[in-house]
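# A look at the structure
If you want the building blocks of each chain, they are given just below.
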Amino acid sequence: RWLRQHEYVEKLNMHGILSASVGQEQLLTELLVTHAKIPVLTGELISVEIWKHKVFPVLCRLEDFKPRSTFPIYVVLHHEASIINLLETVFFHKEICESAEDSILDLIDYCHRKLTLLAARSTKAQAVTSAELRAEDLASPSSMQKQAEMMEFEISLKALSVLRFITDQADSLPLSALTRMLNTHNLPCLLVELVEHCPWSCWEAGKLKKFENGTWHVVPPEDQVKMTKLDGQLWLALLNLLLSPECQRKYRFDGFNKSQLLKLRAFLTDVLIDQLPNLVELQRFLSYLAVTEPAPPKKDLILEQVPVIWDHILKKNSGKWEAIAKHQVKHAFSPTEEELKLQAHRWAQTYSLDMMEALAPDKPRCRVCGVEATKRCSRCRNEWYCTRACQIQHWQKHKPACNLMA
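The present account deals with the structure reproduced in this document. Just so it is clear, the structure is predicted and the values come from calculations on it, not from any experiment.

Turning our attention to the packing of helix α3 (residues 38-54) against helix α5 (residues 71-90). It is at 9 Å that the axes of α3 and α5 come closest, and there the two elements cross at 140°. By the angle class used here, α3 and α5 are oblique. With respect to the hand of their crossing, α3 and α5 are arranged in left-handed fashion. Facing I38, L41, E44, L45, V48, E49, W51 and K52 of α3, the residues of α5 in contact are I73, V76, L77, H79, E80, I83, I84, L86 and L87. Among the residues forming the contact of α3 with α5, the class breakdown is 12 nonpolar, 1 polar and 4 charged.

This is the structure we're talking about:
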């Protein structure tokens, strides 16, 4: 049942990407709003997040856990990425944000946790992502842990975009949501931290590398000051949180917060403002903040809503994590050969070749040498090669997956 649900999420995700690429995502948006699916997706998102932190590490430590294939575990890890990607696609629309209702508080907390992890990442951890891992690297639970850590980076970047779309609706959010973003989590200061350290940009061997479209690439010197999509999301979130009159009324501009926010002035160069002219207003606000002492926020909220999904799941399963891991090893992650082939067949149908090629931003590359490829495995149709020689060289590594998918 859970696998069917994941297939539906994956299909919605792919449909959302394709619809957004041609500006026709209105049908998907209406579907999610009409059937009140945003709170459901938020609950699923947090459930998988908790599973990754509480059950997955226990599962990997079990001595008797020697799975025939780690594919079922990867599906669970990928579930979180699929949901956050779907939310990133649809949260651009105001009605989606409003349809989240009380679960918007849980989603804000989720984004805060992800951005905190993102801010804490070292440059070394950023240099490799899950997109660069190959199927043969996923043969053991320890390798799956590495996969989960690398996947976390891309999920956190998606969470930044979702948070920015939430801040777009700052004036129509519940009062508790604003209080949570501004004072409980102090998101403006967390965003300043991301501006300072920019986890999606790093220097390697004297060259600037930036993370875009799921991969790291070297930036030519003439483009090093060019704003990326992630940079834009970050600055727009700051604009929304700092320039909204309601946010200014509720935020505590004390000594620490003020000193952190004023760090932004060093980054507001003419080149940056030329690319995002709205930053002129932020520059003026920071200049005014530097010479004034804003009034303390008014404490007019007596009753405050709090998120419930995270705490409910933790309380319900407290002390049961090892038992859950053992149960899942026996009933979910140790499929028979026939069950594994059935799952692989269903996934091959979900990821139809036409759909995958439509989603791919670049032309296919050879699995062995990385050059542009024109040939693919005629048996499973999932691997690309430039020549017959490369296909023969890779066959021993590809054979297990090919037998599974064919």
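As a further point, take the packing of α3 against helix α17 (residues 309-317). Packing of α3 against α17 brings their axes to within 10 Å, and their N-to-C directions diverge by 45°. In this view, α3 runs oblique relative to α17, as classed from their interaxial angle. Between α3 and α17 lies a crossing of right-handed hand. For the pair α3 and α17, contact is made by T42, G43, I46, S47, E49, I50 and K54 and by I309, W310, I313 and L314, respectively. For the contact of α3 with α17, a count of residues per class yields 6 nonpolar, 3 polar and 2 charged.

Another point: helix α16 (residues 279-290). With 12 residues, α16 extends 17 Å between its outermost C-alpha atoms, agreeing within 8% with the 16 Å of an ideal straight helix rising 1.5 Å per residue. Those residues of α16 not exposed but buried are L279, L282, F285, L286 and L289. All buried residues of α16 fall inside an arc of 110° around its axis, so they share one side. Exposed and oriented more than 90 degrees from the buried face of α16 are R284 and Y288.

Our next topic: the packing of aromatic side chains. Under the criterion given, the structure shown has 8 aromatic pairs. Taking the centre distance of 5.9 Å and the plane angle of 10° together, the rings of F153 and W216 count as stacked. One end of the pair, F153, is in helix α9 (residues 141-168); the other, W216, is in strand β3 (residues 215-218), and 63 residues separate them in sequence. Given the relative accessible area of 0%, F153 is considered buried. You can call W216 buried: its relative accessible area is 8%. By way of ring pairs, the aromatic residues W51, F56 and F333 are connected into one cluster. Taking the ring centre of W310 as reference, the NZ or CZ of R113 above it sits at 4.0 Å.

This brings us to the nonpolar core. A general feature of soluble globular proteins is that nonpolar side chains tend to end up buried together. F91, I104, L191, W200 and W235 are the most contacted members of the largest nonpolar core, which totals 98 residues. At 12 residues, α9 tops the list of elements feeding residues into this core. Leave out the neighbours within four places in its chain, and I104 touches F91, C97, I166, L173, P174 and A177. Of all hydrophobic cores here, the second largest spans 5 residues; its members include A373, Y385, C386 and C390.

Reading the values: rules and limits
- Residues numbered from 1 in each chain as written.
- Predicted model: local features only at pLDDT ≥ 70, side-chain atom pairs only at ≥ 80, totals over all residues.
- Heavy atoms only, no water.
- Axes fitted to C-alpha atoms, helices over the stretch in contact; angles between N-to-C directions.
- Helix = DSSP H or I, 4+ residues; strand = E, 2+ residues; numbered from the N terminus.
- Parallel < 35°, antiparallel > 145°, perpendicular 65-115°, else oblique.
- Left-handed = near helix turned anticlockwise from the far one by under 90°.
- Contact = heavy atoms within 4.5 Å.
- Nonpolar A, V, L, I, M, F, W, Y, C, P; charged D, E, K, R; others polar.
- Expected span 1.5 Å × (residues − 1).
- Buried < 20%, exposed > 50% of the residue type's maximum accessible area, 1.4 Å probe, protein only.
- Arc of directions from axis to C-beta.
- Phe/Tyr/Trp six-rings, centres within 6.5 Å; stacked < 30°, edge-to-face > 60°.
- Lys NZ or Arg CZ within 6 Å of the ring centre and 35° of its normal.
- Core = buried A, V, L, I, M, F, W, Y, C linked by side-chain atoms within 4.5 Å.

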